[in-house]
Amino acid sequence: MKFKTLLDNINPQTTTFVVGNGINLYADNSHRNCDNCGEFSTCKDQNKKKNCSWQTILKNICYKRKISINPNTQSDLSFPEIASLVKLYDGTKAKAVSDSRSRTAKRDIRQELCSLMKKMEAGDVHRAFIEYARRLDIPVITTNFDKLLSKELEMVTLEFDDKSFFRSNRDYLWNVCYKDNKANVSPTNYRQVMEGFGIWHIHGNVDYPLSIKIGLEDYVNSIAMVKTMISGTPQKNDPKIRLYQFRPEAWVGRNTLLDLFFHRDLIFLGLSLDSQEVFLRWLIMQRAIYQSSLIKRGKKPIRKAWYVHTDINMLNKSTPKGIFFNTCGIKLVGEKNYDVIYQCFK
């Protein structure tokens, strides 16, 4: 199946885009490759990229600290592990032995990350994609910390006094989305807000540095948080319903992006979804387990998912990545290049 054919046949009322940094890199592909340079933040070259890759940011952070790790060539360490090592390095240099000082070290690297990403600029590619999702009224979950997709939108928090709903804090903003208009939400109308066009940041965003998930421990903590929401053992007098109690209209995450992830058709776009994406890949597996549980219970409809890519090797379902997607019920949509993919939104 071609990507254009997929878009022509989806049901916007049951579909959600899951978008990664690929859209930023494609929007900036006319500029020189800055991934091999550690001086991105200080470079004055007018031809340098406006939107940097995760590799570039990590290389810049390591370069400033004189840490001899090149994210572009390092095969033994994942990006989350490198980010965790940088935070450990900062904590060691600052002699951060207490939890509070360790948290300060975390804040420093996140603030540094935010200062780089706030310089990034949206382009025609971003605007075309946003307009497409807006026109079809499709929600968008993004792994990007930057706000290139949500900068012009209004922040809406789905927070209620009812303790059976998820409540956000400075670390987890999963019930926060960005909409065209500031909406007044309540326990009676929040579904209308959720199911229409809006941008959701699953890994946090630059406006709230503590919400950003970059290190391995951040992903582990996110997994632990989701575990309590989907299958945790309720405490006495706990009003929160878990996902595996199979009451989707009442479960604790029904006001979060997790509800979109578990209960709608998904189109993954601009994501490598390799081993760097620890949390997202774990969520994909949990979604597959949940879908399997619904099938055993005779529940319908079962939600679909597609992964859009340009990797010809992935067309072979016997490759490790192909096996992962096939096992998790995700269909592959291959195109020959990124032009074909992103021109579908024009």
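In short, a report on the structure.

**A word on the overall build of the protein**
Right, on to step 1. The helix and strand tally for the protein stands at twelve helices and eight strands.
Right, on to step 2. Across the 346 residues that make up the protein, the buried fraction comes to 53%.
Right, on to step 3. Within the protein, counting contacts between residues at least 6 apart in sequence, those at least 24 apart form 69% of the total.
Right, on to step 4. Surface summary for the protein: the accessible area is close to 16,700 Å², and the carbon and sulfur share equals 49%.

**Considerations on the environment of Leu-25**
Right, on to step 1. With respect to the helices and strands, the residue Leu-25 is situated in helix α2 (residues 22-27).
Right, on to step 2. Taking relative accessible area as the criterion, Leu-25 reaches 31% and is therefore assigned partly exposed.
Right, on to step 3. Distance from Leu-25 to Gly-270, taken between C-alpha atoms, is 8.8 Å for residues 245 residues apart in sequence.

**Side note on the packing of helix α8 (residues 216-230) against helix α10 (residues 278-296)**
Right, on to step 1. Where α8 contacts α10, the two axes come as close as 9 Å, and the packing angle between them is 25°. When the axes of α8 and α10 are compared, the pair comes out roughly parallel. For the crossing formed where α8 meets α10, the hand is right-handed. Along its contact with α8, which presents Leu-216, Tyr-219, Ser-222, Ile-223, Val-226, Lys-227 and Ile-230, the element α10 presents Val-278, Phe-279, Trp-282, Leu-283 and Gln-286.
Right, on to step 2. Here the contact of α8 with α10 is composed, by residue class, of nine nonpolar, two polar and one charged.

**Comments concerning helix α11 (residues 320-327)**
Right, on to step 1. Buried within α11 we find Gly-322, Phe-324 and Phe-325. Angularly, the buried residues of α11 cover 155° about the axis, an arc narrow enough to put them on a single face. In this structure, α11 carries Pro-320 and Thr-327 as exposed residues pointing more than 90 degrees from its buried face.
Right, on to step 2. The inward-facing, buried residues of α11 abut α10, β7 (305-309) and β8 (331-334).
Right, on to step 3. Of the residues flanking the end of α11, it is Gly-329, one or two places downstream, whose phi is positive at about 75°.

**Some details on the pattern of salt bridges**
Right, on to step 1. Tallied over the entire structure, the rule returns 13 salt bridges.
Right, on to step 2. Three or more residues are tied together by salt bridges with common partners; here these are Glu-131, Arg-134 and Asp-180.

What counts, and where the lines are drawn
Residues numbered from 1 in each chain as written. Predicted model: local features only at pLDDT ≥ 70, side-chain atom pairs only at ≥ 80, totals over all residues. Heavy atoms only, no water. Helix = DSSP H or I, 4+ residues; strand = E, 2+ residues; numbered from the N terminus. Buried < 20%, exposed > 50% of the residue type's maximum accessible area, 1.4 Å probe, protein only. Contact = heavy atoms within 4.5 Å. Areas by Shrake-Rupley, 256 points an atom, 1.4 Å probe, with all protein chains shown as cover. Axes fitted to C-alpha atoms, helices over the stretch in contact; angles between N-to-C directions. Parallel < 35°, antiparallel > 145°, perpendicular 65-115°, else oblique. Left-handed = near helix turned anticlockwise from the far one by under 90°. Nonpolar A, V, L, I, M, F, W, Y, C, P; charged D, E, K, R; others polar. Arc of directions from axis to C-beta. Salt bridge = Lys/Arg side-chain N within 4 Å of Asp/Glu carboxyl O.

Distances and angles like these do not, on their own, reveal function.
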